[in-house]
2 protein chains.
Amino acid sequence: MAADPLSRVFAALADPTRRDMVARLTVADATVGELAEPYDVSVQAVSKHLRVLEDAGLVSRSRDAQRRPVHLEAEVFDLMTKWIERYRRQAEERYRRLDDVLRSMPDDSPPTAAPPEGGTPS
Amino acid sequence: MAADPLSRVFAALADPTRRDMVARLTVADATVGELAEPYDVSVQAVSKHLRVLEDAGLVSRSRDAQRRPVHLEAEVFDLMTKWIERYRRQAEERYRRLDDVLRSMPDDSPPTAAPPEGGTPS
DNA sequence: CCTCTCGTCAACCAACCGGTTGAAAAAGAG
DNA sequence: CTCTTTTTCAACCGGTTGGTTGACGAGAGG
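None of the values given here were measured: they were computed from a predicted structure.

Caption draft 1: View of the environment of Met80(A). With respect to the secondary-structure elements, Met80(A) resides in helix H5 (residues 77–103). Along the chain, Met80(A) and Val9(A) lie 71 residues apart, while their C-alpha atoms are 7.7 Å from each other. Among all residues touching Met80(A), those that are not within four sequence positions of it are Leu6(A), Val9(A), Phe10(A), Leu13(A), Phe10(B) and Ile84(B).

Below, the structure is given as structure tokens:
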């Protein structure tokens, strides 16, 4: 597993079960068994999901006797938010510029054509 | 392909090549060939990536002779942003409440223990 | 000690993913 | 009609994923 952090976070949240676990962990920490209870898959499967979330940095685990309470680490969300917002803004900026270009071009001047500077005059 | 929209968007952006394509499409629309040029993979592979992005609703394609210009659809970003922000806020709210609880509990009252009501007195 | 609970590790399986190559479709250009 | 460009379709391949079952380790508790 050599993917970059951003890819790991996106991949971790691409699974609805894992997204649901994250959603529930925003309410309270939980043990593996507690987390597994609502889904009809084995506890081992949930344990695997938790590993994916942990590798993505979305979750951390401590220790309490045999139990391993799972805790949400919300900071990683920022990584995604930053990426998304950056390109969302860039896209919006692009559309704004496109509007300007269209507004400043009421005639049929061909796009990407040479500007109207006189070449070597005869 | 029966995954929910949110899963598709997250999965689509879990790949660095696809994220880079999205990033470049915020600058300008591009054809498949133009998009493929910077990466040293086949054009077919890029075509597959574009299909994933299209299925996720991140991208749309029109037609210009044999070319298929690719256009970024930034609205789907909102889907992710909403999900992320919702649970981020919820998590922050949770921590805030936890702080309150800790602040209102300066003594050593055991957590989750029975309230100090006298049991059946002897 | 034995036993029970909680969780992980290991092996396996079908399905999917990202990549390849080769062929074909779609449309302009000679 | 033929040739070239652009893109997609089809088949294939190795690696990963999400799931299973079975065994195991770590602790509480009789």
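Moving on from the model shown.
Caption draft 2: Region of interest: the pattern of salt bridges. Enumeration over the complete set of coordinates arrives at 14 salt bridges over all chains. We note a salt bridge from Arg61(A) to Glu54(A), for which the minimum N-O separation is 2.4 Å. Residue Arg61(A) is classed as partly exposed on the basis of its relative accessible area, which comes to 23%. The residue Arg96(A) makes a salt bridge to Glu93(A) at a minimum N-O spacing of 3.1 Å. Separated by 3 residues within a single helix, Arg96(A) and Glu93(A) lie in helix H5, roughly one turn from each other. A single salt-bridge network, built from bridges that share partners, covers Asp78(A), Glu85(B) and Arg88(B).

Caption draft 3: Structural detail: the protein's contact with DNA strand D. Surveying the vicinity of DNA strand D reveals 20 residues, the closest of which are Ser42(A), Gln44(A), Lys48(A), His49(A) and Ser47(B). When the atoms of DNA strand D within 4 Å of the protein are sorted by group, sugar and phosphate make up 59%. At 2.2 Å from a phosphate oxygen of DNA strand D is found a side-chain nitrogen or oxygen belonging to His49(A). A distance of 3.3 Å separates a phosphate oxygen of DNA strand D from a polar side-chain atom of Arg63(A). Where the surface near DNA strand D is concerned, the elements lending two or more residues are helix H4 (43–55) of chain A together with helix H3 (32–36) and helix H4 (43–55) of chain B. Counting residues per element, the surface near DNA strand D draws most heavily on H4(A), at 4 residues. In terms of residue class, the surface near DNA strand D is built from 4 nonpolar, 9 polar and 7 charged.

Rules used throughout
Residues numbered from 1 in each chain as written. Chains lettered and ligands numbered in written order. Predicted model: local features only at pLDDT ≥ 70, side-chain atom pairs only at ≥ 80, totals over all residues. Heavy atoms only, no water. Helix = DSSP H or I, 4+ residues; strand = E, 2+ residues; numbered from the N terminus. Contact = heavy atoms within 4.5 Å. Salt bridge = Lys/Arg side-chain N within 4 Å of Asp/Glu carboxyl O. Buried < 20%, exposed > 50% of the residue type's maximum accessible area, 1.4 Å probe, protein only. Near = heavy atom within 4 Å. Polar contact = N/O pair within 3.5 Å; in protein donor to acceptor, adjacent residues only side chain to side chain. Nonpolar A, V, L, I, M, F, W, Y, C, P; charged D, E, K, R; others polar.

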